[in-house]
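Here is what each chain is made of, one letter per residue.
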Amino acid sequence: MKRYKILVIPGYRIFPIDSGGAHVQLLFLDKQQSQHDIDIVLTPENIDEADIPAFAKRFPKLQLLTTDFQKLSGGKKAKAFLMKQWRKMTGKDLSYAVGKSKQMNGFFINNPAMVEAISRMATAKKYDIIQVEHVKNMGLVTILPDAVKKIFVHHEIYFSRVKQDME
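The rules behind these values
- Residues numbered from 1 in each chain as written.
- Predicted model: local features only at pLDDT ≥ 70, side-chain atom pairs only at ≥ 80, totals over all residues.
- Heavy atoms only, no water.
- Helix = DSSP H or I, 4+ residues; strand = E, 2+ residues; numbered from the N terminus.
- Buried < 20%, exposed > 50% of the residue type's maximum accessible area, 1.4 Å probe, protein only.
- Areas by Shrake-Rupley, 256 points an atom, 1.4 Å probe, with all protein chains shown as cover.
- Pairing = 2+ DSSP bridges.
- Axes fitted to C-alpha atoms, helices over the stretch in contact; angles between N-to-C directions.
- Core = buried A, V, L, I, M, F, W, Y, C linked by side-chain atoms within 4.5 Å.
- Contact = heavy atoms within 4.5 Å.

Undergrad: Which residues make up the overall build of the protein chain, and what values do they have?
TA: The helix and strand tally for the protein chain stands at six helices and five strands. Starting at the N terminus, the α and β elements of the protein chain follow one another as β-α-β-α-β-α-α-α-β-β-α. When the 167 residues of the protein chain are sorted by exposure, 37% land in the buried category. Counting only carbon and sulfur atoms, one obtains 58% of the accessible surface of the protein chain, whose full area is about 10300 Å².

As structure tokens, then:
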């Protein structure tokens, strides 16, 4: 069997295992890690920074690619907080309003820096396959290399989650 170079872009919380979706994703990765060369993108959205060492120990053959875990200084935190409050009050930033709207919750990534980082990771190495998981990440297909095969994996009935969020 040919060993493929695969980039996995997971969706929501994958570790620690606290849901059926995370369980399915990690069972799939557990088998794949011994058959293929896998890089996985870890973000604050899919794993807490404190859990990364335990994840690495559990999945020793995965190459971990982390993004957006930088610590902000006190001044940058204060500025980000004030800007967020200003955008909320004035409605000047439409992407913020749409990103926080319950009707659109989870339909797209509204963090441009994270999208740019994922784009850099996807083009930094020659992959045979890029595996994108969850509806929220589907929009990433436009920034992934055209020549690479892409697989979309969905682990849950998403419309149920959205309906539940809206209610």
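So, next bit.
Undergrad: Any chance you could break down the sheet that holds strand β2 (residues 37-42) for me, citing the residues and the numbers?
TA: With respect to topology, five strands assemble into an open sheet ordered β3-β2-β1-β4-β5, the strand pairing being parallel. A strand with exactly one partner marks an edge of an open sheet, and here the two such strands are β3 (63-66) and β5 (149-153). Taking the axes of each pair of neighbouring strands and ignoring which way they run, one obtains an average angle of 20 degrees across the sheet. Pairing geometry for strand β1 (residues 5-9) and strand β4 (residues 129-133), over four bridges, is parallel. Opposite Ile9, over in β4, you have Val132 as the bridge partner.

Undergrad: Outline the nonpolar core, supporting the account with residue identities and numerical values.
TA: Membership of the largest hydrophobic core comes to 16 residues, with the highest contact counts inside it found for Leu29, Ile40, Leu42 and Phe55. For this core, the secondary-structure elements that each account for two or more residues are β1, α1 (20-35), β2 and α2 (52-58). Take this core: its biggest share by element is three residues, from β2. In contact with Leu29, other than residues within four places in its own chain, are Val8, Ile38, Ile40, Phe59 and Leu62. If you look at the next biggest cluster of nonpolar residues, it comprises 14 residues, including Leu65, Met114, Val132 and Leu140.

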